[in-house]
Amino acid sequence: MKILFASSEVAPFIKTGGLADVAGSLPQALAREGHEVKVILPLYEGIGQEWREQMTFLKYFNVTLSWRQVYCGVFQLEREGVAYWFVDNEYYFKRWQLYGHFDDCERFAFFSRAIIETPGQMDWAPDIIHCNDWQTALVPVYLLEEKYRIPQLGGTKSVFTIHNIEYQGRYGDQVLQDVIGLDKSYLNEGMLAYHRDVNLMKGAIMASNFVTTVSPTYAQELRTPFYAHGLDGVINQQSGKLEGILNGIDVDLYDPATNPGLAANFTPRALVKGKNQCKQALQQAVGLQENPDVPIIACVSRLVGHKGFSLVTDSLQEIMGLDVQMVVLGTGDWQYEEAFRHAQSQYPGRFAAQLTYSAPLSTMIYAGADLFLMPSVSEPCGLSQMIAMRFGTIPVVRETGGLKDTVVPYNKFDGTGRGFTFANINAGDMVWVLREAVDLYHSNKKAWRALQREGMTADFSWDNSARQYLDIYQRILG
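Residues numbered from 1 in each chain as written. Predicted model: local features only at pLDDT ≥ 70, side-chain atom pairs only at ≥ 80, totals over all residues. Heavy atoms only, no water.

(A) Representation of the nonpolar core. Counting residues in each nonpolar core, the largest one holds 96 residues, and the members touching the most others are Ile47, Phe86, Phe110, Ile162, Ile180 and Leu182. The biggest single contributor to this core is helix H4 (residues 104-121), with eight residues. Those residues in contact with Leu182 that lie beyond four places of it in its chain are Leu138, Val141, Tyr142, Glu145, Leu176, Gln177 and Leu192. (Core = buried A, V, L, I, M, F, W, Y, C linked by side-chain atoms within 4.5 Å. Buried < 20%, exposed > 50% of the residue type's maximum accessible area, 1.4 Å probe, protein only. Helix = DSSP H or I, 4+ residues; strand = E, 2+ residues; numbered from the N terminus. Contact = heavy atoms within 4.5 Å.)

What follows is the structure, given as structure tokens:
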């Protein structure tokens, strides 16, 4: 099978969030299954020289974007069985940040046109074009028309993955003809129309052959107004082609037995000594009191409302009233940053606010903490809880999206489970389960170690997810 995977960001080349991790890992898992996989992404200014030196220039051509003829260059880099196509246009992509520009609609309409044109220019016929989030949402729409003009796309089917429905690519209807280059029928007949605006994600949901999202629970949540941000009607209308597939993580990258960023390596069988050394190193690094007997609660996240940090700031006094230490790593909304700064001064040696982004420190936290708190209001999949479990850190999560699908709640009667969960968006419920977790830490080390080992040995690899995607590809190809 020939698969073209289209994404606006791909790790390790360029990354702002979880989409890049998916686009960096899933194509390689598909290639390991024996398929021919190519990944297409913009050649941003932020892609480092170490990658550019490995690229080969393939060709350039013009892309038609409404009334414009726009230069498009294609560079290729091959890595771990996957060919990466980098779309070059400095006017659109030589910018200091990936998103948030006044002409994002035009930039990613161009990228979507380039995705459609490149297979024909390279004389390569993909069976599947797999698109991701609003930045590539126009590809299934363009494919409806262009597959009859471009012979290489004659048998191509499209899959669209929703990573976060909150960001839909919504613009005024004036962009339809002048920027996107589609006639008014796409608005009048409803494919792109949303409250008199153009909604790119809606178009992809309507036009693609299949729609996936990043966890089974999130697929069900999207049928409801609370989670769907206005698209619940469209989701329910198209529900026959919607399926949730849980993301994986790079289990080699997040392996405590081999990770070079740890104070000590450890395994599920030889856990205690190495985990304690990692805990001590974390306490030293962030200024917590060195005490192996006090559980550390950790948060590594963007500090924003939908991540549930109102629950944390509202209950900080109750949390710190437990026999715990706490470390928070991340940046975000000012009110959360200020609350955590204040907590650090209020609880010196017990609370550490690291209001920055640091990959090495995040690894130290995953490995050195005892509990990992994710009280998200909405969490399509979540990778942090899986990474935490991989490092023997027990998650405390709200039952939503991928958190519900990955964290099996602890059952005190038979000792099964992987972590602690609560259902309601309620600070009191969160503190209740934190207290249960802290009590277990102090009172039953055997049960605690069993929880750690269950999380460390769970299969969060991409291989199972890749097989589920391949099943969908085969179904729509007949």
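From this point, things continue past the structure.
(B) Spatial organisation of the layout of surface pockets. Estimated volume of the second largest pocket: approximately 170 Å³. If you trace the second largest pocket, you find it lined by Pro409, Tyr410, Lys412, Gly419, Phe420, Thr421, Val433, Glu436 and Leu440. Broken down by secondary-structure element, the contributors of at least two residues to the lining of the second largest pocket are strand E18 (420-422) and helix H19 (427-443). Top element by residues in the lining of the second largest pocket is H19. It accounts for three residues. Across the lining of the second largest pocket, the residue classes break down as five nonpolar, two polar and two charged. (1 Å grid on protein atoms, 1.4 Å probe; cavity = no way out; pocket = protein on both sides within 12 Å on 5 of 7 lines; lining within 4 Å. Points joined across faces, edges and corners; volume = space filled by probe spheres on them. Nonpolar A, V, L, I, M, F, W, Y, C, P; charged D, E, K, R; others polar.)

(C) Up close: the pattern of salt bridges. Tallied over the entire structure, the rule returns 19 salt bridges. Linking Glu117 and Arg149 is a salt bridge whose minimum nitrogen-to-oxygen distance equals 2.5 Å. Taken together, the residues Glu117 in helix H4 and Arg149 in the loop between helix H5 (138-146) and strand E7 (157-162) connect sequence positions 32 residues apart. Under the relative-accessibility criterion, Arg149 is labelled partly exposed at 49%. We note a salt bridge from Lys307 to Glu379, for which the minimum N-O separation is 3.0 Å. Of this pair, Lys307 sits in the loop between strand E13 (296-300) and helix H13 (309-314) while Glu379 sits in the loop between strand E16 (371-374) and helix H17 (384-390), and the two are 72 residues apart along the sequence. (Salt bridge = Lys/Arg side-chain N within 4 Å of Asp/Glu carboxyl O.)

(D) Layout of helix H12 (residues 272-286). Between its terminal C-alpha atoms H12 stretches 21 Å, which fits the 21 Å expected from 15 residues at 1.5 Å a residue. Of all the positions in H12, only Gly274, Lys275, Cys278, Lys279, Ala281, Leu282, Gln283 and Val286 are classed as buried. Just beyond H12, the residue with positive phi is Gly287, at close to 85°. (Expected span 1.5 Å × (residues − 1).)

(E) Main features of the sheet that holds strand E8 (residues 170-172). Taken together, the three strands give an open sheet; going across it, the order is E8-E10-E9, and neighbouring strands pair in antiparallel fashion. Both outer strands of the open sheet, E8 and strand E9 (193-194), are each paired with one neighbouring strand and no more. Bridging between E9 and strand E10 (residues 197-199) involves two bridges; their strand directions are antiparallel. The residue bridging Tyr194 from the neighbouring strand is Asp197, located in E10. (Pairing = 2+ DSSP bridges.)

(F) Looking closely at unusual backbone geometry. That bond from Ala11 to Pro12 is cis: its omega, 10°, falls within 30 degrees of zero. Looking at the element boundaries, Pro12 is found in the loop between strand E1 (2-6) and helix H1 (18-32). In this structure, Glu80 is a non-glycine residue whose phi angle is positive, near 50°. Its location among the elements puts Glu80 in the loop between strand E4 (68-79) and strand E5 (82-88). Here the phi dihedral of Arg196 falls at roughly 70°; this positive angle occurs in a residue that is not glycine. Locating Arg196 in the fold gives a position in the loop between E9 and E10.

(G) A look at the side chain of Ser376. The topology assignment puts Ser376 in the loop between E16 and H17. What makes Ser376 buried here is its relative accessible area of 1%. When near neighbours in sequence (up to four residues on either side) are disregarded, Ser376 contacts His306, Lys307, Gly308, Arg398, Thr400 and Leu403.

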